[in-house]
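# An overview of the molecular structure
So you can see what is in the structure, the chains are spelled out below.
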Amino acid sequence: MNKSKSWYDFLWVWAIIYFSLGFFNILFAWLGLIDFVVPLIFAVFKGNKSFCNRYCGRGQLFNILGAKLKFSRMKLAPSWLHSSWFRFAFLAFFLTMFANMIFQTYLVASGAESLREVIKLFWSIKVPWGWTYTAGTVSDWVAKFAFGFYSLMLTSTIIGLVVMALFRPRTWCTFCPMGTMTQTICKIKAR
């Protein structure tokens, strides 16, 4: 039986477009806020994780690469990887990195620190992509946020690709910080 595809079955293209645009112009990194705000809106107003289950382009991309293109070993992930303690510890770590990114943006905005045009993988490995931004195009704090946010999104995608290859395609989804936040919101709303 051939199921007809809906428009949202192609949202995996969004993940590719996002990273491609940011690779050439870091200011496109701001578009990633869509992936932060929309899941929370779904959880708050619909009380469910339909964004994660149906509309998440990154999850779809992992599924295509892992299941359809066979880049996944299709093994069960260790139970600790989807345990509550790990999910909330990873969320806390992720939110700490996000808060640090906001603080660094504030420092640049206040003039206490100058803009460093650098993308960091795993919050420490500097990637010299000097062509992504032309100084003076926008306020330095706008560019600083873009560099930090793109670093965060790229790092989390690489983590997702690694666990996709080692385990099942959507293993990332079991401890994704957005998924943990939306699930917590849904549980609170259900009370």
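Below is a short write-up of the structure. Every chain's residues receive numbers from 1 upward, in the order its sequence appears when written. With pLDDT at 70 or above as the cut-off, local features in this predicted model cover only qualifying residues; side-chain atom pairs require 80 or more to be listed or tallied, and sums for whole chains, interfaces and linings still use all residues. Note that the side-chain values use all heavy atoms of the structure and ignore hydrogens as well as water.

Once that is clear, we can look at the overall build of the protein. A run of DSSP states H or I qualifies as a helix once it reaches four residues; a run of E qualifies as a strand once it reaches two. Both are numbered from the N-terminal end. Broken down by element type, the protein carries seven helices and two strands. Of the regular secondary structure in the protein, the N- to C-terminal order runs α-α-α-α-α-β-β-α-α. Overall, the protein is about 55 × 40 × 30 Å in size when its C-alpha atoms are taken along their principal axes. Taking all 191 residues of the protein together, the buried fraction comes to 43%. The method behind every accessible area is Shrake-Rupley, applied with a 1.4 Å probe, and residues are considered shielded solely by the protein chains displayed. For the protein, the exposed surface amounts to about 10700 Å²; the carbon and sulfur share of it is 68%. Distance between charge centroids for the protein: 19 Å, based on 20 positive and 5 negative side chains. Only protein chains enter the accessibility calculation, which uses a 1.4 Å probe. A residue is then buried if its area is under 20% of the maximum for its type, exposed if over 50%, and partly exposed in between. None of His or the chain ends enter the tally, which takes Lys and Arg as positive and Asp and Glu as negative. A charge is said to be at NZ when it belongs to Lys, at CZ for Arg, at CG for Asp and at CD for Glu.

Let us now look at the side chain of Arg58. Here Arg58 shows up in helix α4 (residues 57-68). Although Arg58 is buried, it forms no salt bridge, and the closest oppositely charged side chain is Asp35 at an N-O distance of 5.4 Å. Within the structure, the side chain of Arg58 is placed 3.0 Å from the side chain of Thr157, a separation counted as a polar contact. Salt bridges are counted wherever a side-chain nitrogen of Lys or Arg sits within 4 Å of a carboxyl oxygen of Asp or Glu. Polar contacts, as used here, are pairs of N or O atoms within 3.5 Å; protein pairs need one atom able to donate a hydrogen and one able to accept it. Residues neighboring in sequence count only if both atoms are side-chain atoms.

Another point: the packing of α4 against helix α6 (residues 140-166). At a minimum axis distance of 10 Å, the contact between α4 and α6 shows a crossing angle of 35 degrees. In terms of crossing hand, the pair formed by α4 and α6 is right-handed. Along its contact with α4, which presents Arg58, Phe62, Leu65 and Gly66, the element α6 presents Met153, Ser156, Thr157, Gly160, Leu161 and Met164. The axes are straight lines fitted to the C-alpha atoms, using for helices just the contacting stretch, and the angles between their N-to-C directions are given from 0 to 180°. Throughout, a crossing is termed right-handed when the near helix is turned clockwise from the far one, and left-handed when it is turned anticlockwise from it by less than a right angle. Residue contacts follow a heavy-atom distance rule, with two residues in contact if any of their heavy atoms lie within 4.5 Å.

Okay, the nonpolar core next. One finds Ile26, Phe36, Ile119, Phe149, Tyr150, Trp172 and Phe175 to be the most contacted residues of the largest nonpolar core, which totals 41 residues. Those elements giving two or more residues to this core turn out to be α1 (12-24), α5 (84-110), β1 (119-121), α6 and α7 (177-190). Tallying contributions element by element places α6 first for this core, with 13 residues. Here Phe175 is in contact with Leu81, Phe86, Arg87, Phe90, Ile159, Val163 and Thr180, once residues within four sequence places are set aside. Residues enter a nonpolar core if they are buried and are Ala, Val, Leu, Ile, Met, Phe, Trp, Tyr or Cys, with the set joined through side-chain atoms within 4.5 Å.

The next point concerns a positive patch on the surface. Every patch collects residues that have over 30% relative accessible area and no salt bridge, joining them within 9 Å if they carry like charges and within 5 Å if they are nonpolar side chains (Val, Leu, Ile, Met, Phe, Trp, Tyr). Residues Lys3, Lys5, Lys46, Arg54 and Lys68 make up a contiguous surface patch of positive charge. Looking at where Arg54 falls in the secondary structure, it is placed in helix α3 (residues 50-55). Overall, the relative accessible area of 41% leaves Arg54 in the partly exposed class.

Read these as geometric descriptors, not functional statements.
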